[in-house]
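Next come the chains, spelled out residue by residue.
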Amino acid sequence: MTIPQYDNYYYRQGVNACFTNKNHIPGDTHPSPRNTILLQSASSFSSTHKDEGQSHHEQGKQQGNVNHPDQTSAAAAGDAIPIHLAEGICAVYKPIGWTSQDVVSYLRGMLERDARSRGAVLSKRRSKKSKLKVKVGHGGTLDPLATGVLVIGIGSGTKALQQYLQGSKKYRAGVELGFETDTLDMAGEKVKEMDWKHVVEDDIPSILLDQFTGNILQKPPLYSAIRKNGKRLYEQARKGMTEDDLEIEARPVEIYNIEYLPQDLEGNTMPCFGLDVECGGGTYIRSLVRDLGNALGTCATMKGLERTQQGPFTLEDALPKEKWDSETIYAQVEKWNLILSESTSMSIPTSTFNHDETSISSDASLAEE
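Each residue is numbered by its place in its chain's sequence as written, counting from 1. For a predicted model such as this one, the threshold for reporting local features is a pLDDT of at least 70, and the threshold for listing and counting side-chain atom pairs is 80 or more; totals across whole chains, interfaces and linings nevertheless cover every residue. The basis for every side-chain value is the complete set of non-hydrogen atoms in the structure, without hydrogens or water.

Colleague: Could you clarify how one ought to interpret the environment of Asp264 in this entry?
Modeller: For Asp264, the location among the structural elements is in the loop between β10 (251-261) and β11 (272-279). Sequence separation of Asp264 and Arg172 is 92 residues, and the distance between their C-alpha atoms is 8.8 Å. When neighbours within four sequence positions are excluded, Asp264 is seen to be in contact with Gly174, Val175, Cys272, Phe273, Gly274 and Lys303. Any pair of N or O atoms that falls within 3.5 Å is considered a polar contact. Within protein, one atom must be able to donate a hydrogen and the other to accept it, and sequence-neighbouring residues count only if both atoms are side-chain atoms. At 2.9 Å, the side chain of Asp264 forms a polar contact with the backbone nitrogen of Gly267. A run of H or I in DSSP counts as a helix once it spans at least four residues, and a run of E counts as a strand once it spans at least two, with each numbered from the N terminus. Here, residues are in contact when the closest pair of their heavy atoms is within 4.5 Å.

Here it is, written out as structure tokens:
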């Protein structure tokens, strides 16, 4: 098969970034279908965010929501309108084409506009030391081409996110045998092709059980956010460095359960199939697919990925994009505060947030798909 050639998605520099077809000819009005989907996703994020931002900005101007000295004095006296209507944990469904930090930025902006519309006092500039700010973080990175459950912390709930970075997660992945890309997924360039027809489908479940269950060693992808020699791996890969140049070490990860599915995410069969994976923090499903291909005497690439569960949150609990509004988000946080309060291991801290929310959500040492 022919794989569309895209600039790697780690080139993204904010919400207006998009994926560019490397084979695109200037003036070509027929980009590839997959490229069109990704462009529409990025465009949708940018335009929606911009329109909503302008609307709420005008509303704020009309209502006179300005940080005045007397409001600051009231805040110091403890009489301020609360910045957050609820603090804790909830889950959203990350759309394809968005980075996990895109989601955090979108939700933070939405809740900031809500806070100002209620007359709450916010700092003009976000800083680590400021307490007058909306605090939002996420509990485990999903790559832009992945979808599914993304745990979100609001206010003091951001302090509970570390356990979600390290805790159990479930994924459903699509796999195709016979080729491998430099990014180990469909966003990369094809770098290897091998015959797959010798693979016996009935042998795959036993190989998964024997070689890919329990504590295993896994080498992270070259295109990942892990740091090596003080720089992100993907930054060094973009400069032409290879796995051999960087001497990427294998790391211990834990696979609690892995099951073979005869169809991938789109219903295709051999050489395509699916995997249901439950694993610990820091696991790269792309690397798992690569290593499975090697174990089968061929090569393999991840076609798609959906996180189906993170901690107690399942797909049914993850709010889809069309329901992302301040009222619904806060309602979900309150709902999950009640549910999680029944388990002391999942209790939400109530102390004041005292560090930058992005310190959790951008922890590269625990980066995942």
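Further notes follow.
Colleague: What is the right way to look at the packing of helix α3 (residues 100-117) against helix α9 (residues 326-340) in this model?
Modeller: When two helices pack together, their arrangement is given by the angle between the helix axes and the distance between those axes. Think of each axis as a best-fit line through the C-alpha atoms, taken over the contacting stretch in the case of a helix, with angles from 0 to 180 degrees between the N-to-C directions. The N-to-C vectors of α3 and α9 enclose an angle of 105 degrees; their axes lie 10 Å apart at closest approach. Between α3 and α9, the crossing angle belongs to the class labelled roughly perpendicular. Here Leu107, Met110, Leu111 and Asp114 of α3 lie close against α9, whose contacting residues are Ser326, Ile329 and Tyr330. Three categories are distinguished: nonpolar for Ala, Val, Leu, Ile, Met, Phe, Trp, Tyr, Cys and Pro, charged for Asp, Glu, Lys and Arg, and polar for the others, with Gly belonging to the last. In the contact of α3 with α9, the residues fall into five nonpolar, one polar and one charged. An angle counts as roughly parallel when it lies under 35 degrees, as roughly antiparallel when it exceeds 145, as roughly perpendicular when it falls between 65 and 115, and as oblique in every other case.

Colleague: Got a minute to help me understand the pairing of β10 in this structure?
Modeller: Here is the key point about a regular strand: its side chains alternate between the two faces of the sheet. In this analysis, strands are considered paired if DSSP registers two or more bridges between them. Pairing of strand β7 (residues 214-218) with β10, which is carried by five bridges, proceeds in the antiparallel orientation. Looking at β10, one finds that Ile216 is bridged to Val253. Judged from the six bridges that link them, β10 and β11 form a sheet pairing that is antiparallel. Along β11, the bridge assignment pairs Asn257 with Glu278.

Colleague: Honestly, the packing of aromatic side chains in this entry has me stumped. Any pointers?
Modeller: Each aromatic ring pair is specified by the distance between its two centres and by the angle formed by the two planes. The criterion for an aromatic pair is that two Phe, Tyr or Trp rings (for Trp, the six-membered ring) have centres within 6.5 Å, with stacked assigned to planes under 30 degrees apart, edge-to-face to planes over 60 apart and tilted to the rest. For the structure on display, the rule yields five aromatic pairs. Ring centres of Trp98 and Tyr106 lie 5.7 Å apart, and the angle between their planes is 65 degrees; on these two criteria the pair is classed as edge-to-face. Like Tyr106, Trp98 is buried. Note on Tyr260 and Phe273: the rings are 5.2 Å apart at their centroids and 45 degrees apart in plane angle, and the pair reads as tilted. With Tyr260 in strand β10 and Phe273 in strand β11, this residue pair connects regions lying 13 residues apart in the sequence. Clustering of aromatic rings is evident, with ring pairs tying together Trp98, Tyr106 and Trp324. By definition, being over a ring means that NZ of Lys or CZ of Arg is both within 6 Å of the ring centre and within 35 degrees of the ring normal. Positioned over the ring face of Phe179 is Lys190, at 5.8 Å from the centre of the ring. For every residue, the accessible area (1.4 Å probe, protein chains only) is compared with the maximum for its type, and the residue is labelled buried under 20%, exposed over 50%, or partly exposed between those bounds.

Colleague: Quick question: what am I supposed to make of helix α5 (residues 204-211) here?
Modeller: An α-helical turn contains 3.6 residues, so any two residues separated by three or four positions project in the same direction. Residues of α5 that are buried: Ile204, Ile207 and Leu208. Down the axis, α5 shows its buried residues gathered within 100 degrees of arc, on one side only. Opposite the packed face of α5, turned more than 90 degrees from it, sit the exposed residues Leu209 and Asp210. Those residues of α5 that are buried are in contact with β10, β11 and α8 (285-295). The directions from the helix axis to the C-beta atoms form the arc being described.

Colleague: Got a minute to help me understand unusual backbone geometry in this structure?
Modeller: Negative phi characterises most residues that are not glycine, and trans characterises most peptide bonds. Between Met270 and the following residue, Pro271, the backbone shows a cis peptide bond with an omega angle of 15 degrees. Here Pro271 shows up in the loop between β10 and β11.

Colleague: Any chance you could explain the environment of Leu217 here in plain terms?
Modeller: Residue position: Leu217 is located in strand β7. Judged by its relative accessible area of 61%, Leu217 is exposed. Spatially, the C-alpha atoms of Leu217 and Glu254 are 8.5 Å apart, while their sequence positions differ by 37 residues.

Colleague: It is not clear to me how the pattern of salt bridges should be interpreted in this structure. Could you clarify?
Modeller: We define a salt bridge as a side-chain nitrogen of Lys or Arg found within 4 Å of a carboxyl oxygen belonging to Asp or Glu. For the structure on display, the rule yields ten salt bridges. For the salt bridge of Arg172 with Asp276, the shortest nitrogen-to-oxygen distance reads 2.7 Å. Taken together, the residues Arg172 in strand β4 (residues 169-177) and Asp276 in strand β11 connect sequence positions 104 residues apart. Here the salt bridges share partners, and the residues they tie into one network are Glu176, Asp264, Glu266 and Lys303.

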